[in-house]
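Architecture and fold: a report
Spelled out, the chains give:
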Amino acid sequence: MAKNNKLCCIFCTTPYQIMTAVNIKSTTNLDFDIYIVNQFPNSQGYADRLKKTGFFNDVILIDAYALRLEADRSISMNSVNYKINSLYLYLKNCLSLEKTVKKYFNTDADYSRIYVSNNAMAGRFACIYSFKHKNNTEFIHYDDGNGSYFDLKTVYEIPLYDKICRSVIFGKSAAYIQFSKMLYFPELYYSLNGKSESIEKISISKDCDILSQIFPLNESQKISEPVIIADTYKSEEFDDDGIKIYDSLLSRCESVLGEENVIYKKHPRDNDTSSKKVLNDMGVPFEMLCYNEDFSDRILISSKSTAVFSPKLFFDQEPYIILLYKMLEKHIKTELDTDPYVEYVKSTYRNKEKILVPKNGNELNDILSKLKAITN
């Protein structure tokens, strides 16, 4: 890796973040190294395609598990064993920070900016290292979907154990590194949280050629079904009773709208191999599918995934949206107020009656009966 004092870098742990990295580079017109952390399927394929485009200065694939940056995710992230192992690895890597970071990070590069979107360890350690050793590096949190707007504690605040570790090992200032924000929709953030800071806006890239090279789509990825269920990672979102209720609600939707008319968009980390008809997106972000098709007459169903809002927010398409979260509120693990986000997106719709949030079974049945005609 060559030294370049004008470089920025960005860490990505999902295909969505890679798409956003392209948009950030296009928006800022700066040179970037991109670090891809292998926490999603086919990360090697993405890295290979990115290298071929030459769009980024350098493309670095990080094996977070071989380097012991992350705990093994074959066990539940909510389990005690996973949490203990994660804490152990964090402490171990903090105590040998320079040795750890130099295994995957270009420490010779004086990056002017480091962009991260979550608390994945690779990006977190790189920020701590740069804070300690570099004088003029800016740190930026970039858009990672719904959490960037209304799950502020999880997305923007480091956990208490992390603050304590940083303060003890690196000094108190390392626990309070200042980050600015760069988001697709600053106005949405302001409407939910107030305008207490200036946020840089990410523009949607017009470079279709680059995006199509990174996210190649074929005929099998086109969606013929009128109903798309944006599934969730059930064990993370719901308690055991909630999972049963959620499954029964989706079964009801399939029954009324017609199983042949429904296809599932799986959560990126969901490895369930059920018999459901699943969208063959090959890890392509849902936003890229919207980029290539018009979703205005589709029905999108979810518990509260903001992926269903992407057609409107990114491309001004207005599909019907059914959100089931009010029927599951007692069983959702995360304490987030989804209503303000929904109301904001609804306010941007020309036909506000296309966003539907049933509170009980009767309301859901009425909605499904009215929409059934669209699937015929």
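Attention here is on the structure that accompanies the text. (Residues numbered from 1 in each chain as written. Predicted model: local features only at pLDDT ≥ 70, side-chain atom pairs only at ≥ 80, totals over all residues. Heavy atoms only, no water.)

This brings us to unusual backbone geometry. Even without being a glycine, N29 presents a positive backbone phi close to 60°. Summarising the element assignment, N29 is placed in the loop between α1 (15–28) and β2 (32–37). Unusually for a residue other than glycine, R68 sits at a positive phi of about 60°. One can find R68 in the loop between β3 (58–62) and α3 (80–95). (Helix = DSSP H or I, 4+ residues; strand = E, 2+ residues; numbered from the N terminus.)

Attention now goes to the pairing of strand β8 (residues 227–230). Put simply, side chains in a regular strand alternate between the two faces of the sheet. The side-chain alternation of β8 yields two buried faces, one formed by V227 and I229 and the other by I228 and A230. Sheet analysis places β8 next to strand β9 (residues 262–265), joined by 4 bridges and oriented parallel. Bridged to I229 within β9 is Y264. (Buried < 20%, exposed > 50% of the residue type's maximum accessible area, 1.4 Å probe, protein only. Pairing = 2+ DSSP bridges.)

Attention now goes to the sheet that holds strand β11 (residues 320–323). Here 5 strands make up an open sheet; going across it, the order is β9-β8-β10-β11-β12 and the pairing parallel. Each edge of the sheet is formed by a strand with only one pairing partner; in this case those strands are β9 and β12 (355–356). Pairing analysis gives 2 bridges linking β11 to β12, with the strands arranged parallel. Its bridge partner being in β12, I321 is matched across the sheet by I355. Sheet strands in contact with helix α12 (residues 240–257) are β8, β9 and β10 (299–302), and its direction is about 175° off that of β8. (Contact = heavy atoms within 4.5 Å. Axes fitted to C-alpha atoms, helices over the stretch in contact; angles between N-to-C directions.)

This paragraph deals with a positive patch on the surface. On the surface, R68, K92, K99 and K103 cluster together into a patch of positive charge. Among the secondary structure elements, K99 is positioned in helix α4 (residues 97–101). Given a relative accessible area of 62%, K99 falls into the exposed group. (Patch = residues over 30% accessible without salt bridge, like charges linked within 9 Å, V, L, I, M, F, W, Y side chains within 5 Å. Areas by Shrake-Rupley, 256 points an atom, 1.4 Å probe, with all protein chains shown as cover. Salt bridge = Lys/Arg side-chain N within 4 Å of Asp/Glu carboxyl O. Lys, Arg positive; Asp, Glu negative; His and termini not counted. Charge placed at Lys NZ, Arg CZ, Asp CG, Glu CD.)

All quantities given are derived from atomic positions and should not be read as evidence of function.
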